[in-house]
Amino acid sequence: MAIAVAAVIVPLGVLFFISGLVINLIQATCFVLIRPISKSTYRRLNRIFAELLWLELVWIVDWWAGVKIKVYADPKEFNLMGKEHALVIANHRSDIDWLVGWILAQRSGCLGSSLAVMKKSSKLLPVIGWSMWFSEYLFLERSWAKDERTLKSGLQRLSDYPLPFWLALFVEGTRFTQAKLLAAQEYATSAGLPVPRNVLIPRTKGFVTAVSHMRSFVPAIYDATICIPKSSPAPTMLRLFKGQPSVDKLLDKHIAEDTFGEEQLQDIGRPVKSLVVVASWACILILGTIKFLQATALLSSWKGVAISAALMAVVTVLMQILINFSKSERSTAAKVAPAKEKNVNQPTENVQDKKD
């Protein structure tokens, strides 16, 4: 089984990391040569290059794994998506929630200008983390004393962004697990707050800061809830790479479990753009590899074979790092402050009522 999985993951990894490094190099060149002259031009170009990379992951969801995503939203609001700046808040239910967000952003035409508030270690991820840094994602250490200034300055930098962008914020601050839910329920009980059933207690500082600093140039807040039916296995990066589908439902309002309320099902289709991008990268890579092998005769010696095997091992390790990084079991434990006076906890209670 391990060999079969590796036979699938390694080729996908080679495609992603080689094409990604090419895009990283282009992004770095634009950052050094174009951004000092025109930040607006840099952002417009980077939007194109970032989308070329993100579309590879969209392809994995749409075409390789065949994940079915249903979107329920108000039609008028849905038609505005991608045409305006927006702060997107969502729960963090699974390992691929960020990918679900990218799917919706791609359908709305703003995938390349979709940003997010991420933990600081994310920017160290090869290819994907570096591209996020060039795309002006906001990286935090999850310590308000250290993050307050970083968040405020990062938000302010977006005030002159030349194209519609989304800034995603997972208000729970960490991915959902049963252990974290139990901790949140214990804290809610001790603090006299409503006890959550399906989400964790949100962290309000980041949200309040984002709203207060973006109010003048961001006209919309998209409140999204991601729900996975009990009959469907939890989606993970490993399942996606293995081509195993799950069924996700992305809702604008989550009233109760397995209930979509009055929101209407929106047709988001399955565009071929990501398929064309991946097919193009694959053709370039295959032709380039053939030409390289013909010119160097790399596989004609044991040394060449050893070098090739080492490169495959590096790709395997990098893919394992990416998969492990996305696992909810390895995410940061939920941190809840000790119960204080009632008026201190009141803002959290209001937010929790809306989410649960």
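Structure shown above.
This text gives an overview of the structure that appears in the document.

Rules behind the numbers
- Residues numbered from 1 in each chain as written.
- Predicted model: local features only at pLDDT ≥ 70, side-chain atom pairs only at ≥ 80, totals over all residues.
- Heavy atoms only, no water.
- Helix = DSSP H or I, 4+ residues; strand = E, 2+ residues; numbered from the N terminus.
- Buried < 20%, exposed > 50% of the residue type's maximum accessible area, 1.4 Å probe, protein only.
- Axes fitted to C-alpha atoms, helices over the stretch in contact; angles between N-to-C directions.
- Parallel < 35°, antiparallel > 145°, perpendicular 65-115°, else oblique.
- Left-handed = near helix turned anticlockwise from the far one by under 90°.
- Contact = heavy atoms within 4.5 Å.
- Nonpolar A, V, L, I, M, F, W, Y, C, P; charged D, E, K, R; others polar.
- Expected span 1.5 Å × (residues − 1).
- Phe/Tyr/Trp six-rings, centres within 6.5 Å; stacked < 30°, edge-to-face > 60°.
- Arc of directions from axis to C-beta.

1. Regarding unusual backbone geometry
With phi around 70°, Val 127 is a residue other than glycine that occupies positive phi space. With respect to the helices and strands, Val 127 occurs in the loop between strand E3 (114-119) and helix H5 (128-134). On the basis of relative accessible area, Val 127 is assigned to the buried category, the value being 1%. For Glu 136, which is not glycine, the phi dihedral falls at a positive 75°. Relative to the helices and strands, Glu 136 is located in the loop between H5 and strand E4 (138-140). Classification of Glu 136 as buried rests on a relative accessible area of 12%.

2. Structural notes on the packing of helix H2 (residues 39-64) against helix H10 (residues 273-296)
A pair of packed helices is characterised by two quantities: the angle between their axes and the separation of those axes. The contact between H2 and H10 brings their axes to 8 Å, and the two run at 110°. The angle between the axes of H2 and H10 places the two elements in the roughly perpendicular class. In this structure, the crossing between H2 and H10 has a hand that is left-handed. Contacts from Glu 51, Leu 52, Leu 55, Glu 56, Val 58, Trp 59 and Trp 63 in H2 reach Lys 273, Ser 274, Leu 275, Val 277, Val 278 and Trp 281 in H10. Residue composition of the contact of H2 with H10, by class: 9 nonpolar, 1 polar and 3 charged.

3. Some points on helix H4 (residues 97-108)
Spanning 12 residues, H4 covers 17 Å between terminal C-alpha atoms, matching the ideal 16 Å at 1.5 Å per step. Here H4 lies mainly inside the structure; 10 of its 12 residues are buried. Within the sequence span of H4, burial applies to Asp 97, Leu 99, Val 100, Trp 102, Ile 103, Leu 104, Ala 105, Gln 106, Arg 107 and Ser 108. Following H4 by one or two positions, Gly 109 adopts a phi angle in the positive range, close to 85°.

4. Description of the packing of aromatic side chains
Tallied over the full model, the rule gives 10 aromatic pairs. Measuring from ring centre to ring centre gives 5.2 Å for Phe 31 and Trp 133, while their planes differ by 55°; the resulting arrangement is tilted. Here Phe 31, found in helix H1 (residues 2-33), pairs with Trp 133, found in helix H5; they are 102 residues apart in sequence, far enough to count as distant. By relative accessible area, Phe 31 is classed as partly exposed at 28%.

5. Topic: helix H6 (residues 144-157)
Given 3.6 residues to a turn, an α-helix orients residues that are three or four positions apart in the same direction. Here H6 is 14 residues long and its end C-alpha atoms lie 19 Å apart, about the 20 Å a rise of 1.5 Å per residue gives. Looking at H6, one finds that the buried residues are Asp 147, Leu 151, Gly 154 and Leu 155. Seen along its axis, H6 keeps its buried residues to an arc of 95°; they face one direction. Exposed and facing more than 90 degrees away from the buried side of H6 are Ala 145 and Arg 149. Of the surrounding elements, those touching the buried residues of H6 are E4, strand E5 (166-170) and helix H8 (204-214).

It is worth stressing that arrangement in space is one thing and function is another; only the former is reported here.
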